[in-house]
Amino acid sequence: MGNTIFSKIISKEIPADIVFETENVLAFRDIKPQAPVHILIIPKKEIPTIREINGKTDAVLLGEMIDAANEIAKKENISEDGFRLVFNCGNNGGQEVYHIHMHLLGGRKFNWPPG
Ligand code: DGP
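Read on for an overview of the structure. Given the structure is predicted, the values throughout are model-derived calculations rather than measurements.

Notes on the pattern of salt bridges
On inspection of all chains with the given rule, the structure shows five salt bridges. Across the pair arginine 29 and aspartate 17 runs a salt bridge whose closest N-O atoms are separated by 3.2 Å. With arginine 29 in strand 2 (residues 25–29) and aspartate 17 in the loop between helix 1 (5–10) and strand 1 (18–21), this residue pair connects regions lying twelve residues apart in the sequence. What makes arginine 29 partly exposed here is its relative accessible area of 32%. A relative accessible area of 44% means that aspartate 17 is categorised as partly exposed. One salt bridge in this structure joins lysine 45 and aspartate 58, with 3.1 Å as the shortest N-O distance. Remark: aspartate 58 occurs in the loop between strand 3 (37–43) and helix 2 (59–75) and lysine 45 occurs in the loop between strand 3 and helix 2; sequence separation between them is 13 residues. A single network of salt bridges, built from pairs that share partners, joins Lys12, Glu21 and Lys44.

Concerning unusual backbone geometry
The omega angle of the peptide bond from tryptophan 112 to proline 113 is 0°, so this bond is cis rather than trans. Considering the arrangement of structural elements, one finds proline 113 in the segment after strand 5 (102–106). Backbone geometry at lysine 12 places phi at a positive 70°, although glycine is not the residue there. Here lysine 12 lies in the loop between helix 1 and strand 1. Owing to a relative accessible area of 47%, lysine 12 belongs among the partly exposed residues under this scheme.

A short note on the site of the ligand
Around the ligand, the surrounding shell holds 15 residues, and the nearest of these are Asp30, Asn88, Glu96, His101 and His103. Contacts to the ligand include glutamate 96, whose backbone N or O atom sits 2.6 Å from an oxygen atom. Relative to its free-state accessible area of 510 Å², the ligand is covered by the protein chains to the extent of 87%. Sorting the residues of the shell around the ligand by element identifies helix 1 and strand 2 as the ones contributing at least two each.

Rules of the game
Residues numbered from 1 in each chain as written. Predicted model: local features only at pLDDT ≥ 70, side-chain atom pairs only at ≥ 80, totals over all residues. Heavy atoms only, no water. Salt bridge = Lys/Arg side-chain N within 4 Å of Asp/Glu carboxyl O. Helix = DSSP H or I, 4+ residues; strand = E, 2+ residues; numbered from the N terminus. Buried < 20%, exposed > 50% of the residue type's maximum accessible area, 1.4 Å probe, protein only. Near = heavy atom within 4 Å. Polar contact = N/O pair within 3.5 Å; in protein donor to acceptor, adjacent residues only side chain to side chain. Areas by Shrake-Rupley, 256 points an atom, 1.4 Å probe, with all protein chains shown as cover.

Printed below as a string of structure tokens:
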């Protein structure tokens, strides 16, 4: 088993508000939401950062994460107005949990460039 808090959420050792689950992907509400809808979409496979992603071998998994985002966005009624998907990577990227996760944010308008 892994050593981040997300491994314990995957194994259900600690609770989370899970909104979507398949064999390979899990999605749950962020504990510190930055928008009316803020959901984390994670692979069950442990990958510490986006730097460890191999585009060829991980393509199907990443595709499943995008499919999950689209399905959840529809369920949460944020699809039509639009939403933001974010991977933070490493120190400058603001990553806190070293198990990759895609933030799905919606329900309000976001600024660009980000702060
Ligand atoms: P990042 O900074 O990209 O690594 O984002 C980590 C996010 O994970 C942050 O928005 C807060 C969230 N988070 C951290 N610990 C927990 C937890 O135990 N449960 C849930 N639901 N979210 C968590």
